[in-house]
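Overview (structure and organization)
Spelled out, the chains give:
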Amino acid sequence: MPFNSPPITPTRDDTLSLRLRQRIDGKTKPRGSLGRLESLAQQIGMIRRTLAPALSAPVVYVFAADHGVANEGVSAYPQDVTWQMVENFLAGGAAINVLARQQGVRLQVVDAGVKHDFGARDGLLDRKIRAASGNLAIEPAMTLVECAQALQAGVDLMAQEDSIVVGFGEMGIANTTPAAALMHRFTGLAVAECVGAGTGLDAAGVRHKVSVIERAVRLHAAASAPLQVLAALGGLEIAMMAGAMLGAASRRKVLLIDGFIATAALLAASRFDVNVLDYCVFCHQSQERGHARLLQILGGEPLLALDLRLGEGTGCVLAWPLVQAAAAFLCEMASFEGAGVSDQA
């Protein structure tokens, strides 16, 4: 089963860009005085192809899956925490639930490959490809068919999603390991530059994690095409999230990108279609070691730097008020001409 990435239109439009810049500069403020909000407003206008983008309340998708590589001891937590945290999401008790309620953000949990049978549950979308990926240190994480299925499932989710603004979060014990492996393979950076403490490994644990990833990349050295690399070194929730990002961008949605794992999924998505990056708002810079470098590689300037390292889409929800503010000033703030205020000489 091949994967055909949906077509994504670049946002570049010189005429619209100029008109947006003139509109922003014409607001009753010194030019550039709203700083990053101005460039964010410009980006949102370009994504939505309008001078007055109206943004509805966002939805955050939390993609959950287990990882066979957890058997290598690369996480400080046992694998059962994945399904237990999914239950916590469904019960409304996790950090993402609290923050989403505070900001009026809808939450959607997706089972991409959790090693647990949840049954039919309100608030849970069952898109399970298989119960946990393979151990990437000794075998491919997924077959090519499974990886293509996960990608397509993500695309299909966005075809059914009405919200204009979509945030991307995840849950999966050991998933910083495949994320770091993908970062290494797609960027060529040394494995040690891509690996951090994850859920709280000590220095010895980080060194062990590096050695596990180095074994994995040697084993899968022949993987070269994006689908091959993602299947060999990725994870089910990472692949499904990448597909959802491609699907959302193809529908001109505003993508809110969370932390290290979500950004690694975006890195994979960009290897299928680099135009997906035009649609991405990078919500924060994680404390995870590789994230700052990964943001730099993707040209992403994060809105926040709060030393988060939780995942779940928490950074998306925290950044939402800034995204909302950028669109609001573009739509509602008076112009010098309209307010009868003198512009600068």
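Okay, so let's go over this structure.

Basis of the calculations
- Residues numbered from 1 in each chain as written.
- Predicted model: local features only at pLDDT ≥ 70, side-chain atom pairs only at ≥ 80, totals over all residues.
- Heavy atoms only, no water.
- 1 Å grid on protein atoms, 1.4 Å probe; cavity = no way out; pocket = protein on both sides within 12 Å on 5 of 7 lines; lining within 4 Å.
- Points joined across faces, edges and corners; volume = space filled by probe spheres on them.
- Helix = DSSP H or I, 4+ residues; strand = E, 2+ residues; numbered from the N terminus.
- Nonpolar A, V, L, I, M, F, W, Y, C, P; charged D, E, K, R; others polar.
- Pairing = 2+ DSSP bridges.
- Axes fitted to C-alpha atoms, helices over the stretch in contact; angles between N-to-C directions.
- Contact = heavy atoms within 4.5 Å.
- Phe/Tyr/Trp six-rings, centres within 6.5 Å; stacked < 30°, edge-to-face > 60°.
- Buried < 20%, exposed > 50% of the residue type's maximum accessible area, 1.4 Å probe, protein only.

Let's talk about the layout of surface pockets
In this structure, the largest pocket encloses a volume near 470 Å³. Residue lining of the largest pocket: 28 residues in total, with Gly-198, Thr-199, Arg-309, Leu-310 and Gly-311 positioned closest to the centre. Of all elements in the fold, only α3 (81-91), β4 (165-171) and α11 (260-272) reach the threshold of two or more residues within the lining of the largest pocket. Here the residues of the lining of the largest pocket are counted per class, giving twelve nonpolar, ten polar and six charged. Each pocket or cavity is described by its volume, and for the second largest pocket that value is around 230 Å³. The greatest single-element share of the lining of the second largest pocket, amounting to four residues, is contributed by helix α2 (residues 36-48). Broken down by class, the residue content of the lining of the second largest pocket amounts to seven nonpolar, four polar and three charged.

Brief notes about the sheet that holds strand β3 (residues 124-126)
An order of β3-β2-β1-β4-β5-β6 is seen for the six strands of this open sheet, with the pairing classed as parallel. Each edge of the open sheet carries a strand with a single partner, namely β3 and β6 (280-282). Between one strand axis and the next, the sheet turns through 25 degrees on average, direction left out of account. Across three bridges, strand β2 (residues 106-113) lies against β3 in parallel orientation. Bridging from a neighbouring strand, Asp-111 pairs with Asp-126 of β3. Of the strands in this sheet, β1 (59-65), β2, β3 and β4 touch helix α5 (residues 144-159), which is tilted by about 155 degrees from β1.

Topic: the packing of aromatic side chains
This model, assessed by the stated rule, comprises two aromatic pairs. Their ring planes at 25 degrees and their centres at 6.0 Å tell us that Tyr-61 and Phe-63 sit as a pair that is stacked. Comparing Tyr-61 with Phe-63, the two get one shared label, buried.

Interpretation in functional terms is not warranted from these geometric data alone.
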